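Here is what each chain is made of, one letter per residue.
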Amino acid sequence: MAPLLVVGLALCLSGTWAVDKGNFKTCEQSAFCKRQRALKPGESPYRALLETMELTNTRLTLQLINDNNKVRLLLELYRLQGNITRVKINELKPLKPRYEVPDVLIREPTTEPLSVLSQDENGVVLSLGVESQRVIISARPFRLDIMEGSDVLMSLNSRGLLAFEHLRMRKDTFSYKVTSTVASVWDNIKRVFSSQADPEAEKKAEADPANQAETTKEEEEKVEDGMWEETFKSHTDSKPNGPSAVSLDFSLPGVEHVYGIPEHADTLRLKTTDNGDPYRLYNLDVFQYELYNPMALYGSVPVMVAHSAQRTTGIFWLNAAETWVDISSNTAGKTVFGKMLDYVQGSSETPQTDVRWISESGIIDVFIMLGPTPKDVFSQYASLTGTQSFPPLASLGYHQCRWNYNDQEDVKSVDAGFDEHDIPYDFIWLDIEHTDGKRYFTWDPHKFATPKEMLQGLMDKKRKMVAIVDPHIKVDSNYKIHNEIRTLGFYVKNKDGGDYEGWCWPGSASYPDFTRADMRAWWASMFAYDQYEGTMENLYTWNDMNEPSVFNGPEVTMHKDAMHGSWEHRDIHNLYGLYVQMATAEGLIQRSGGVERPFVLTRAFFAGSQRIGAVWTGDNAAEWDHLKISIPMCLSMGLVGISFCGADIGGFFKSPSTELLVRWYQAGAYQPFYRAHAHLDTPRREPWLFGPENTALIREAVRQRYTFLPYWYQLFYRAHVTGEPVMRPLWVEYPQDLATFAVEDEYLIGRDLLVHPVVEEGARGVTAYLPGKDEVWFDVHTFQKHNGAQNLYIPVTMSSIPVFQRGGSIIPRKLRVRRSSTCMEHDPYTLYVALNLQRTADGELYIDDGHTFNYEKKEFIYRKLTFANKVLSSVNHAPDAKFTTDSWIERIIVLGASKPSKVTLKTADGQEKQLEFDFDASMSVLTVRKPGMNAGADWTVTFQ
């Protein structure tokens, strides 16, 4: 009965397939958020004690004092390599250590020296070493400004909202309060007499960290509900450490557009929060989430990117506890006319965005990335937390999934259906029903009795499988995984020291403590072929429910007073999913002896998750608005490092109309992670079940995806090397074009493909903005040429997917689409050369084995393709790399060309030959056929 009860509980939580917002807190219901948000901008109680300043080669330290309660903080300021400033604030002498997030930074950042430019009793000015950049620390009240020349780039605590709730002993008895008050009075008497004897005594006493009152009488009287215990619905949080929240405000002069802080089902440009809740970062299992609000979802990346026509900057708030982000702006609510009126009337008000971060526990540890360009910010963030993992090529193909394929015969039938209908795919997926009673690392003995036979059948077709492994472990004394974790003491503990238990898909479940390195190592070892029986090298993994999801827990997650060693779950909550994916990926790497790249999909994520695997947008619905929101959701993730993002094609909940399903396949074909998925209770929706006409439309969309795989793969290699997003907003490439700043219905893939999916029901046309006044754009289907800096109306039919290639680019494609990407490995390339007569056209071609880590040993081909002065050339972009390929160049298509008299190929050995070509004068398209040179060789093609 237990699984049935769990399903019933899950259905109750999901209601009629709409989120029950009552299951999740608002700021008003979150005691620390309510408490901190009640603080209003004004003069800060914090003062910098300049006499405590110490400056070394690596950092500046300075004490801050709260004049209301005399509690001291320690400010640490670092200048980091790459134009990054780090600010840390902690208690000077905490009652016990406060949590500092480990394992997210890839290394301890390299510091560079700070130097003092000037100092007086009001503050200190420091040089950041970059041109005229400096930090100004004002003493009373404490404020930190980062400047470049006369411009303020960013200010900290300019609104006086720094708040740091110090750890303290609970004072909840009358006798303790009386004793404390008497002691406080006696201390004051002693201070008065000593200061009469010595005028400097009071100043010295203030400077002595030991003389810190734990709390003042005024502060005691302000003890509020929720500081030492908090109840939400039927759940009570014991809060043994009391109030511990931290908060800091940032002001961004000249900025009207901020982005990032995923995951939220909201617009790309973040909205102001003055009239509603702040954006919440707290990993939660939210059934069919609501759109266009700041509710928390499955993942949290506490990174915000600020952009203006003059500069791009970033804020990385390294804290894994529940966090809320408030945003306000002095231009919020002004219409375009109102802004024009301000300009005409000579209004001198500079646009400004103010941001406030509030976290429940931990310390303030913030990295200020100073750009100045968007790509500088991406590089700066990557230097801290790493780049996107380089995925196996096959994982960039199409994935077929549902909850659940019934048995091995069902898998075999679906696999055959793709061949019968000539639709390529690379991965078929198994959800929780494939296991033996929701016991992960097992197979149902009746439905999946011979998994190796099933996997071998897929391998024979060069296809792969993904099986789900969730982090909730069924409490069952006959289950090996449970017994070993319990024996080793690896489960998360409850507040009383026993193994934490909650309800999830298996019924009663416990949760491994993935914050422990030894637990992660053990988990990784379970993926070995002799441990995870029935597995083969073409089986990969999906980590779901890793927020963690606890059906009967507060907000459908783990109790905050559960324990991970000496740390509460409240301290580490947003890290849990990252650790699960980290351990799983390590298991896939280890099982291959460190040779094969893993593929692991996760639902929960944090800063740093990009270096492990892929993410999807969770349990969406078969609705047009959910199709639309997938674009800004994935764009937001890309801005904070997570490029490998996608949404469930067709929607997880409900059943899509055929029009919506087709449009979603078309849009998904041009997003990084391409997977169809559906709920257990929805009708089957394999691509061929909607009539021949719709099957043909879906087939064409999927086949388009496969022709562009060389371009996708090369972009993921660049993302892995540079940290640049694969799918990116237009303003990343056109940072001074104001018209691009709020665009979220179209986007760029890399630099050179612009995509405007059709996401409106019954659409007969779309209007795409083509950026760049000096650009030209070519429709990739018709080769029609369009000028940039215009809004272009495009009539559409059901077969239309508006995609444009930028003039001045070269994109390699493979046009011989086969049943899977692996089957296309040795196939030839077609080069699409899109000309812009005002500049050289260029592109890249990257080739390796597609699945191992051998690229780290320089086993790859990396070609630079250039078209200049009527010569197309391929030169080695990585001379120290070694790899060979059987692929060749079978076709060159030049868009925007003029007709040559002849086309000549010259190879590296000096041989020349005339090439055949066709020219379409009506479209200015030149097609060179069968040039035949190896894709890894040096060559030139001259058009005379």
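Residues numbered from 1 in each chain as written. Predicted model: local features only at pLDDT ≥ 70, side-chain atom pairs only at ≥ 80, totals over all residues. Heavy atoms only, no water.

Looking at the overall build of the protein chain
Regarding its fold elements, the protein chain presents 18 helices and 54 strands. Rg of the C-alpha trace for the protein chain: 30 Å, near the compact-globule value of 30 Å for 944 residues, within the 12% margin. Structurally, the protein chain occupies a C-alpha span of about 100 × 70 × 50 Å along its principal axes. Relative to its 944 residues, the protein chain shows a buried fraction of 61%. Within the protein chain, contacts between residues at least 6 apart in sequence are counted, and of these 72% link residues at least 24 apart. When the accessible area of the protein chain is evaluated, it comes to approximately 35200 Å², of which 51% is carbon and sulfur surface. (Helix = DSSP H or I, 4+ residues; strand = E, 2+ residues; numbered from the N terminus. Rg over C-alpha atoms; globule rule 2.2 N^0.38 Å. Buried < 20%, exposed > 50% of the residue type's maximum accessible area, 1.4 Å probe, protein only. Contact = heavy atoms within 4.5 Å. Areas by Shrake-Rupley, 256 points an atom, 1.4 Å probe, with all protein chains shown as cover.)

Re the packing of aromatic side chains
Counted under the stated rule, the structure contains 50 aromatic pairs. Judged by centre distance (5.5 Å) and plane angle (25°), the ring pair of Phe316 and Phe367 falls under stacked. Of the two residues, Phe316 sits in strand S18 (residues 312-317) while Phe367 sits in strand S21 (residues 364-369), which places them 51 residues apart along the sequence. Classification of Phe367 as buried rests on a relative accessible area of 0%. Each residue in the set Phe427, Trp429, Tyr540, Trp542, Phe599, Trp616, Phe644, Phe673 and Phe716 is aromatic and connected to the rest through ring pairs, giving one cluster. If you follow Arg597 out to its NZ or CZ, it ends over the ring of Phe390, 4.4 Å from the centre. Lying over the aromatic face of Trp712, Arg705 brings its terminal NZ or CZ to 4.4 Å of the ring centre. (Phe/Tyr/Trp six-rings, centres within 6.5 Å; stacked < 30°, edge-to-face > 60°. Lys NZ or Arg CZ within 6 Å of the ring centre and 35° of its normal.)

Focus: the pattern of salt bridges
Two side chains with opposite charge may pair up if their charged atoms get near one another. Evaluation of the coordinates by the stated rule reveals 67 salt bridges. Close ionic contact of Lys461 with Asp415 constitutes a salt bridge, the shortest N to O distance being 2.8 Å. Separated by 46 residues along the polypeptide, Lys461 in the loop between helix H9 (451-460) and strand S24 (464-468) and Asp415 in helix H8 (residues 408-420) bring together distant segments of the chain. Asp415 sits in the buried class, given a relative accessible area of 5%. (Salt bridge = Lys/Arg side-chain N within 4 Å of Asp/Glu carboxyl O.)

Topic: the side chain of Asp249
Along the polypeptide, Asp249 turns up in strand S14 (residues 246-253). Here Asp249 occupies a buried position and makes no salt bridge, while the nearest side chain of opposite charge, Arg159, is found at 5.3 Å. Within the structure, Asp249 has its side chain in polar contact with the backbone nitrogen of Ser158 (distance 3.2 Å). If we skip the residues at most four places from it in the chain, Asp249 touches Ser155, Leu156, Asn157, Ser158, Arg159, Gly160, Leu161, Leu162, Val355 and Arg356. (Lys, Arg positive; Asp, Glu negative; His and termini not counted. Polar contact = N/O pair within 3.5 Å; in protein donor to acceptor, adjacent residues only side chain to side chain.)

What to know about the UniProt feature "domain: Glycosyl hydrolase family 31 C-terminal" (unreviewed entry) in the protein chain
UniProt tags residues 723-811 as "domain: Glycosyl hydrolase family 31 C-terminal" (unreviewed entry). For the annotated span residues 723-811, helix accounts for 4% and strand for 38% of the residues, and the straight-line distance between the end C-alpha atoms is 21 Å. (UniProt positions renumbered as here; feature names shortened; annotations may be inferred.)

Here's the deal with the domain arrangement of the protein chain
Domain annotation of the protein chain identifies domain 1 (393-469 + 517-548 + 566-727) and domain 2 (828-943). The centre of domain 1, based on its C-alpha atoms, is set 33 Å off from the matching centre of domain 2. The interface is formed by 13 residues belonging to domain 1 together with twelve residues belonging to domain 2. Buried surface at the junction of domain 1 and domain 2, both sides included, amounts to about 1200 Å², of which 57% is carbon and sulfur. For domain 1, the biggest contributors to the area lost against domain 2 are Arg597, Gln714 and Tyr717; these three give 47% of the whole. (Domains from an automatic or database assignment. Buried area = accessible area lost by both parts, 1.4 Å probe.)

Some thoughts on the confidence of the model for the protein chain
Considering every residue of the protein chain, the mean pLDDT works out to 93; 91% of them sit at 70 or more. Segment residues 173-207 is flagged for pLDDT under 50; beyond a separation of four residues in sequence, or across chains, it makes 19 contacts in the model. (pLDDT = per-residue confidence, 0-100.)

Overview of the environment of Trp712
As for its placement among the helices and strands, Trp712 is situated in helix H17 (residues 709-722). Measuring from C-alpha to C-alpha, the distance between Trp712 and Val726 comes to 8.0 Å, with 14 residues separating the pair along the chain. In this structure Trp712 touches Leu396, Ala669, Tyr670, Gln671, Pro672, Arg705, Val726 and Ile749, once residues within four positions along its chain are discounted.

Section: the sheet that holds strand S50 (residues 903-907)
Taken in spatial order, the eleven strands of this open sheet run S51-S50-S54-S48-S47-S46-S44-S45-S49-S53-S52, and their pairing is mixed. The sheet is open, and its two borders are formed by strand S51 (912-914) and strand S52 (916-920), each paired with just one other strand. Sheet twist, expressed as the mean angle between neighbouring strand axes with direction ignored, is 20°. Where S50 meets strand S54 (residues 939-943), five bridges bridge the pair, whose relative direction is antiparallel. In the strand pairing of S54, Val903 is matched with Phe943. The strands touched by H17 within the sheet are strand S44 (809-813), strand S45 (829-834), strand S46 (841-847) and strand S47 (861-868), with S46 carrying the most contacts at an inclination of about 85°. (Pairing = 2+ DSSP bridges. Axes fitted to C-alpha atoms, helices over the stretch in contact; angles between N-to-C directions.)

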